[in-house]
Each structure stands twice: as structure tokens, then as C-alpha cells.
Number of protein chains: 2
Amino acid sequence: KKRILVTGGAGFVGSHLVDRLMLMGHDVICVDNFFTGQKANIVHWMGHPNFELIRHDVVDSLLVEVDQIYHLACPASPVHYQSNPVKTLKTGFFGTYNMLGLAKRVKARILIASTSEIYGDPEEHPQKETYWGNVNPIGPRACYDEGKRVAETLAYSYEKQDGVDVRVARIFNTFGPRMNWNDGRVVSNFILQALKDENLTIYGDGQSTRSFQFVLDLIDGLIKLMNSDYSGPVNLGNSEEYTVKDFAEKIIKLVKEQREDQKCTSEIIMLPGLEDDPHRRRPDTSLAKKELGWQPKWSVEDGLKETIGYFQRQIKFFG
Amino acid sequence: KKRILVTGGAGFVGSHLVDRLMLMGHDVICVDNFFTGQKANIVHWMGHPNFELIRHDVVDSLLVEVDQIYHLACPASPVHYQSNPVKTLKTGFFGTYNMLGLAKRVKARILIASTSEIYGDPEEHPQKETYWGNVNPIGPRACYDEGKRVAETLAYSYEKQDGVDVRVARIFNTFGPRMNWNDGRVVSNFILQALKDENLTIYGDGQSTRSFQFVLDLIDGLIKLMNSDYSGPVNLGNSEEYTVKDFAEKIIKLVKEQREDQKCTSEIIMLPGLEDDPHRRRPDTSLAKKELGWQPKWSVEDGLKETIGYFQRQIKFFG
Ligand SMILES: NC(=O)c1ccc[n+]([C@@H]2O[C@H](COP(=O)([O-])OP(=O)(O)OC[C@H]3O[C@@H](n4cnc5c(N)ncnc54)[C@H](O)[C@@H]3O)[C@@H](O)[C@H]2O)c1
Ligand SMILES: NC(=O)c1ccc[n+]([C@@H]2O[C@H](COP(=O)([O-])OP(=O)(O)OC[C@H]3O[C@@H](n4cnc5c(N)ncnc54)[C@H](O)[C@@H]3O)[C@@H](O)[C@H]2O)c1
Ligand SMILES: O=c1ccn([C@@H]2O[C@H](COP(=O)(O)OP(=O)(O)O)[C@@H](O)[C@H]2O)c(=O)[nH]1
Ligand SMILES: O=c1ccn([C@@H]2O[C@H](COP(=O)(O)OP(=O)(O)O)[C@@H](O)[C@H]2O)c(=O)[nH]1
Ligand SMILES: O=c1ccn([C@@H]2O[C@H](COP(=O)(O)OP(=O)(O)O)[C@@H](O)[C@H]2O)c(=O)[nH]1
Ligand SMILES: O=c1ccn([C@@H]2O[C@H](COP(=O)(O)OP(=O)(O)O)[C@@H](O)[C@H]2O)c(=O)[nH]1
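This report concerns the structure included in the present document. (Residues numbered from 1 in each chain as written. Chains lettered and ligands numbered in written order. Predicted model: local features only at pLDDT ≥ 70, side-chain atom pairs only at ≥ 80, totals over all residues. Heavy atoms only, no water.)

Structural notes on the relation of the copies chain B and chain A
In screw terms, the move from chain B to chain A is a rotation of 180° and a rise of 0.0 Å along the axis, fitting with an RMSD of 0.0 Å. Classification of the inter-copy transformation places it as that of a two-fold axis. Looking at the interface residues of chain B, 100% of them are also at the interface in chain A, so both copies use one shared face. (Least-squares fit on C-alpha atoms with pLDDT ≥ 70 in both. Contact = heavy atoms within 4.5 Å.)

Structure (C-alpha cells):
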């Protein structure tokens with residue numbers, strides 16, 4: 001039984017991680033400023049003696065005594081992280097700095113949630129951990145991408161200089177229940193649009209690719225990485241690659257099957273493309289397989305069914 | 001007559017900038033923590049009514065009232081910036097953040113000293129401002145490179161969000177009098193070695209290239225950039241490109257001509273290469289020419305003669 005801090009624990013990924021760690025019997029402290037997270041995601045643990053929730057912004061320092069830190073606090077969708085780029089950079093830098101300082105003081109192992117975005121619009125495909133990336137340092141996504149890159153730099157600087165025990169997960173696009181309704185990401189957008197018979201909005205020509213992993217696979221990976229001896233950065237993602245257009249068609253098909261009326265009149269429409277939108281993305285996850293014995297177990301289709309079910313329930317209850 | 005803050009003003013570049021601004025008749029505040037800077041570089045202005053020196057670390061916030069800020073404070077040579085990577089990152093991020101906050105409060109224009117290192121080991125050659133770079137986010141140079149990249153991101157985030165008036169100079173290798181003796185950079189190393197008849201140490205095979213500008217050209221460029229209407233990043237460098245080996249030979253030749261005894265018995269020796277050492281570097285400076293009407297005026301050879309003279313005097317006076 002360990003004392004484990006999860007920052008960003010009320011968010012999409014964080015709350016699933018909290019669930020798993022609680023079920024494993026650990027003492028869990030969840031820290032969140034509720035910028036994009038919601039109490040609803042963790043409400044089922046409130047009052048449990050192993051669980052504690054702290055409303056706190058990781059831009060400020062934090063004094064707690066723990067054995068492990070999963071540092072996830074950071075807005076993750078373009079709409080949110082671009083709404084206040086200075087704040088995003090502060091969360092990326094100060095947040096990571098404070099958590100590394102905490103890890104150093106209490107000698108905790110710390111896992112940093114990094115992202116496939118550090119590879120930018122990749123010229124190497126699929127992306128290996130050794131790839132240095134292709135990121136626009138002054139574009140609209142830079143506050144997130146460069147914030148995550150420098151967070152990695154900071155983590156390995158603390159490792160080298162102060163012996164802090166760091167793990168770095170480079171997380172690829174992830175989806176599942178508890179994704180934010182309104183965060184503009186492709187999976188939630190398309191599912192909600194298809195459920196409401198609205199047209200599916202493709203930005204650009206729909207030929208960009210992404211690879212989507214189901215959140216429960218990611219949670220397995222994060223926990224395996226935290227408890228492994230491998231301290232370099234590790235990709236966590238599903239290597240099934242879709243064009244955005246094929247993905248839209250798949251979602252329409254699945255939603256149709258899953259709707260009570262077995263209908264979906266949504267069409268696919270093309271809107272102008274986004275600036276600096278990466279053209280392709282697929283993880284090479286052979287390192288995770290080798291070092292962690294991890295690979296995704298959920299097919300994209302099964303994961304989508306779960307997620308569609310979740311959004312159906314959300315619509316039913318909250319309109 | 002403007003009130004101008006120069007951070008890192010006791011350093012190599014900063015002190016030349018202070019000289020020029022003082023000669024132009026401005027009120028100059030020089031801020032430095034003397035990590036790599038020296039009082040000797042600015043001692044000639046002490047007591048002048050237009051000059052003020054503040055010992056201050058830019059990692060902490062600073063309250064002054066000024067019209068322009070040249071933000072140069074940051075260790076610049078690999079030996080220094082790698083000696084404490086966490087501190088380098090703090091200087092890169094907190095230092096820039098504080099100076100941007102200051103610029104915002106007092107509505108000053110701020111020029112950030114960025115670097116050709118943000119291009120990393122470039123795959124585009126020569127490098128244009130539109131190139132996104134090839135930087136290892138977790139290598140030994142990352143604390144400097146990623147610190148500078150994120151400093152640019154931060155600057156343009158403040159511009160976008162708070163209307164801060166920013167200028168960004170991407171400075172390529174610069175040399176001249178007042179370079180640090182012991183900072184391990186190639187120009188000072190080779191000149192000192194040649195003056196002392198020691199062997200010139202090449203790291204790797206000597207086929208890597210660099211392009212070297214004389215510091216007085218850079219000062220012209222910085223002042224022109226500060227006072228121009230162009231707010232995007234601008235390369236400042238000399239496009240004369242040398243292999244390190246040719247450069248070593250040139251220095252031996254010039255030192256021989258300039259030594260009283262007209263001798264130099266130094267030879268060139270090859271040492272193991274450095275990790276992540278960029279293989280080539282040359283600025284495309286057409287943007288600076290177009291937007292600022294700037295181009296280097298000093299030939300590398302003339303600049304080297306001045307610099308050799310400087311080191312000769314240093315050796316004479318200080319041994
Ligand atoms: N979901 C993905 O596809 C994906 C992909 C790559 C990386 N990641 C990373 O995984 C982590 C979690 O992402 P997510 O999808 O769960 O996003 P999310 O927005 O649902 O969760 C982030 C959580 O962090 C909290 N937070 C944000 N800034 C904070 C601050 N300054 N102090 C305290 N809490 C703060 C938010 O309130 C939220 O609860 C993030 O670090 C993200 O960058 C996610
Ligand atoms: N010289 C080059 O070839 C070159 C190339 C690219 C970019 N630059 C940039 O130009 C600037 C000046 O470089 P330089 O060659 O004069 O280096 P330098 O080391 O001579 O000067 C840097 C100055 O900043 C001061 N400083 C460092 N950290 C500080 C802190 N935290 N607070 C206050 N002062 C601090 C140092 O004491 C020193 O006086 C740097 O930002 C550097 O990154 C230089
Ligand atoms: O238990 C702790 C210990 C440190 N920190 C913060 O972590 C950062 C980095 O800590 P470190 O000890 O490395 O800081 P420094 O030596 O740079 O002050 C600082 O802002 C601390 O306030 C924290 O939030 N909790
Ligand atoms: O309604 C949407 C939302 C997203 N996308 C595209 O889907 C891909 C993934 O976008 P998302 O924001 O989910 O993630 P990220 O770009 O961060 O990978 C990108 O090419 C987006 O342009 C889209 O076409 N329509
Ligand atoms: O005259 C000033 C004004 C601000 N700052 C610092 O600049 C940073 C960013 O300022 P901003 O007002 O943007 O800060 P925030 O709103 O994030 O506190 C803060 O650390 C301030 O302490 C400073 O050093 N001098
Ligand atoms: O004594 C030295 C110092 C540097 N270099 C090489 O010269 C180039 C320029 O190095 P410097 O540290 O001056 O600048 P930077 O690498 O930052 O451009 C690099 O390829 C170094 O490996 C060298 O061969 N011998």
C-alpha cells in the first residue's frame with residue numbers, strides 16, 4: 001500500500017487512474033484546480049478513507065508526503081490550452097518544476113504525462129522515442145507542445161542533477177468515457193454530432209491520420225511504467241491508424257448500430273484546416289512492449305462502443 | 001533619450017550593447033548576477049550619471065521603470081549552461097517570464113536574445129526563420145535549447161494575450177573582445193591555444209561547420225531590430241561558413257602573423273566528438289536585410305584580428 005499523488009486527478013485520464021489505484025488499495029491524493037476536470041469524475045470516492053481531494057493549482061508549490069507522483073495536471077485539448085497560452089506554459093513549467101521539487105524532497109518516484117505532441121508534425125513515421133520532433137516553437141500549439149518538451153527537459157535535468165527518480169510517458173491520442181463534452185477533440189465531437197444527427201465537422205481534407213487508444217489501456221501502461229525500472233521516455237498509444245475521414249465514417253456506422261432508432265442522418269462536412277495541425281501520427285510502441293510488457297488490449301471499435309454508450313447516458317441525464 | 005534595461009549586461013554581448021547605448025546617450029540600467037559576466041566589462045561606465053548597475057538574478061522579479069528591455073541574461077556556452085541544467089532552465093523560463101511581466105507592466109518594448117540553437121542540428125541549410133528545428137528535448141544541450149525555445153513561445157504568448165511589444169533575435173555564433181577566457185567556446189579556445197603554442201583541440205572530425213559573426217555587427221543588428229516595426233523572430237549572424245578544421249587553420253595563420261615572434265608551433269589534434277553537437281550551421285539573413293536593412297560589415301578575418309589582439313593584451317596583463 002503506497003501513498004500516491006495524482007495531479008489532474010479529476011480530469012479524463014486522471015480520474016480513471018484514480019479509480020484503478022483506489023481499487024488496488026492505495027492511499028490516493030487527488031490534486032486538481034478544476035480548470036477542465038470535474039468533481040463528477042471522482043465523486044464516487046468521496047468519503048472513502050483512502051481518498052483525499054485537494055483543490056490546488058500546481059503552479060503553486062505543494063507540501064504533501066507521498067511515495068509516488070503521477071503528474072497529469074495540464075489542459076490537454078487545443079481549445080482549452082489555447083484559451084490562455086501563458087497559463088498553459090506556466091502549468092507546463094512551474095507545475096512540473098514544483099512536482100519535481102516535491103519528488104526530490106520526499107524522495108518519491110514521479111511520472112510525467114508527456115505527449116505525442118512533442119513530436120509535432122512528424123517527419124518520421126511511425127514515431128519512435130528517439131525521434132526529436134518537428135514542432136513550431138511560435139505557432140498556436142506551441143504553448144502546449146513546447147511546455148511539454150521543456151517539462152521533459154526539466155525532468156531529466158532533475159534526474160541527472162538531483163537523482164530524482166523520473167518516468168516519462170509520451171501519451172498518444174486517448175479516448176473513452178469521461179472525455180470532456182466540449183473540449184473540441186475529434187472523438188467527443190464526432191460521437192456527439194452523430195448522436196444528435198448533426199453533421200460531422202472535418203477540419204481540412206480529412207486525410208490527416210491519428211491513432212487512438214482506449215483510456216483503460218493507457219492506465220495499464222502508466223501503472224506499468226511507474227513501477228518499471230526503465231527511466232527513459234516511453235510511447236503509450238495504439239498503433240491502429242485512421243484518416244480522420246475514415247474515422248468519421250466508422251463513428252457514424254457504430255453510432256447507427258448503437259442508437260435505439262438504429263438511425264443516423266449525419267453527413268460529413270469539410271471545414272477549413274487548422275494551423276500547424278499534424279498530418280499524421282502513429283506510435284511505435286515496441287519499446288513499451290519490450291520494457292513494460294505492455295501493449296493495447298482494446299480494439300478501437302470496442303473502445304468506441306463504450307464511449308458512445310457513455311455519451312448516450314450523458315445526453316439522457318443532462319440533455 | 002530612453003531608459004533602457006540590459007539584462008546580462010556585464011557579459012560578453014551585453015557589455016558591448018551597454019557601450020553602444022551609453023554612447024548613444026541613453027540612460028542604461030545593467031542587471032547581472034555575475035554568473036559568467038564580469039565587472040571588468042563595464043567598469044568604465046561606473047560613476048557615469050546615465051549608468052546604473054544592479055546585482056540581481058532574473059529568476060527573481062524586478063521592479064524598475066524603463067522604456068526598452070534587452071533581455072540577454074543567460075549563460076551561453078555549453079560548459080556553463082551544462083554545469084547546472086536546472087538553473088539554466090530556470091533562467092530561461094522564469095527570467096524571461098519576469099522580464100515579460102515587467103515589460104507588460106511598464107509598457108516597455110522587450111527584445112529577447114534567442115539563439116541559432118533553437119534550430120538544433122538542422123536538416124534545413126542555411127537556416128531560415130521559418131524552420132522549426134531539430135532539437136533533442138532530453139539531450140545534454142536541451143536545458144539551453146529548450147529553455148530558449150520555450151522563452152520564444154512565452155514571448156509570443158505575451159504578445160498575443162497581453163499585447164506586449166516583443167522582438168526576438170535568433171543570434172548565431174558570435175565572437176570578439178570580452179569573450180570569456182574559460183567558457184570553452186571554439187573561438188576563445190583556439191586563439192588562446194595558438195597564442196600559447198598549445199595544440200588546437202578539435203572535437204570530432206573537424207568537418208562540422210559554424211558561421212561566426214563579429215560582436216559589433218550583432219550589436220548593430222540588435223539595436224536595429226529593437227527599433228524596427230518587425231516583430232517576428234529574426235536571424236542575426238554572418239553567413240561565412242567554416243568547417244571547424246579550416247577555422248583552426250585560419251586561426252593558427254592569423255595568430256602567427258600577429259604574434260611578435262611571428263611563430264606558432266600549435267598543431268591540430270582530434271578529440272572525441274561531443275554528444276548532439278550540431279553538424280552545420282549557417283544563417284539565412286535575408287529577412288534581417290529586408291526588414292532591418294542590416295547585414296554584417298565585419299569580415300571574419302578582421303574580427304579575428306581584433307579578438308586575437310584582445311587576448312594578447314589579456315595574457316600580457318593577467319598572465
Ligand atoms: N487525452 C489525451 O489524448 C492525451 C494525450 C497526450 C497527453 N495527455 C496528457 O495527459 C494528461 C491528462 O489529460 P486529460 O486528457 O485527462 O485532460 P483533462 O483536461 O481531462 O485533465 C487535465 C486535468 O488537469 C487539471 N489541471 C489543469 N491545469 C491545472 C493546474 N494548473 N493545476 C491543477 N490542476 C490542473 C484539469 O482541471 C483536469 O482535471 C495531461 O497532462 C495531458 O497533457 C493526454
Ligand atoms: N555569444 C554567442 O555566440 C551567442 C549566440 C546565441 C545566443 N546568445 C545569447 O546572447 C546572450 C548573451 O550571451 P553572451 O555570449 O554574452 O554570454 P555571457 O555568458 O557572456 O553573458 C551572459 C550574461 O548573463 C548573466 N546571467 C546569466 N544568468 C543570469 C541570471 N539568472 N540573472 C542575471 N544575470 C544572469 C551572466 O552573468 C552574463 O553576464 C545570451 O542570452 C545568449 O544565450 C549568444
Ligand atoms: O515539497 C515540496 C518541495 C518543493 N516544492 C517546489 O518545487 C520547486 C522546486 O524545488 P527545488 O527544491 O528543486 O527548488 P529550488 O532549489 O530551485 O528552490 C520549488 O518551487 C518548490 O517550492 C514543492 O512544491 N513541494
Ligand atoms: O471536430 C473535429 C475535431 C478534430 N478534427 C481533427 O482531428 C484530428 C485530431 O484532433 P484532436 O483535437 O482530437 O487531437 P490532436 O490534434 O491534439 O491530435 C486533427 O487533425 C483535427 O483537425 C476534426 O477534423 N474535426
Ligand atoms: O514589474 C514587474 C512586473 C512583473 N514582474 C514579474 O513578471 C512575472 C509575470 O508577470 P505577470 O503580470 O504576467 O504575472 P502573473 O499575472 O502570471 O502573476 C511575475 O513573476 C512578476 O513577478 C516583474 O518582475 N516586474
Ligand atoms: O575547443 C573546441 C571548442 C569547440 N569545438 C567545436 O566547435 C564547434 C562550435 O562550438 P562552440 O562551443 O563554440 O559553439 P556551439 O556548439 O554552441 O555552436 C562545435 O562543433 C564544437 O564541437 C572544438 O572542436 N574545439
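Here we look at the sheet that holds strand E1 (residues 3-7) of chain A
Strand pairing in a sheet takes place through backbone hydrogen bonds and is either antiparallel or parallel in direction. All names here are of chain A. Strand order across the open sheet formed by seven strands is E3-E2-E1-E4-E5-E6-E11, with parallel pairing between neighbours. Both outer strands of the open sheet, strand E3 (51-55) and strand E11 (233-236), are each paired with one neighbouring strand and no more. Between one strand axis and the next, the sheet turns through 20° on average, direction left out of account. Where strand E4 (residues 68-71) meets strand E5 (residues 109-115), four bridges bridge the pair, whose relative direction is parallel. Paired with His71 across the two strands is Ile112, which belongs to E5. Packing of helix H1 (residues 12-23) onto the sheet brings it into contact with E1, strand E2 (27-32), E3 and E4, and relative to E1 it is tilted by some 170°. Its contacts with the sheet put helix H3 (residues 85-106) on E1, E4, E5 and strand E6 (166-171), and the angle it makes with E4 is roughly 175°. (Pairing = 2+ DSSP bridges. Helix = DSSP H or I, 4+ residues; strand = E, 2+ residues; numbered from the N terminus. Axes fitted to C-alpha atoms, helices over the stretch in contact; angles between N-to-C directions.)

Focus: the packing of aromatic side chains
Counted by the stated rule, this structure contains 28 aromatic pairs over all chains. Ring centres of A:Phe94 and B:Tyr97 lie 5.2 Å apart, and the angle between their planes is 70°; on these two criteria the pair is classed as edge-to-face. In this pair, A:Phe94 sits in helix H3 while B:Tyr97 sits in helix H3 (residues 85-106), so the two residues belong to two different chains. Neither A:Phe94 nor B:Tyr97 differs from the other in exposure class; each is buried. Seen from their ring centres, B:Phe214 and B:Trp298 are 4.3 Å apart, and the 40° between their planes marks the pair as tilted. Pair noted here: B:Phe214 is in strand E10 (residues 213-214) and B:Trp298 is in the loop between helix H8 (286-292) and helix H9 (300-318), with a separation of 84 residues, a long-range link. (Phe/Tyr/Trp six-rings, centres within 6.5 Å; stacked < 30°, edge-to-face > 60°. Buried < 20%, exposed > 50% of the residue type's maximum accessible area, 1.4 Å probe, protein only.)

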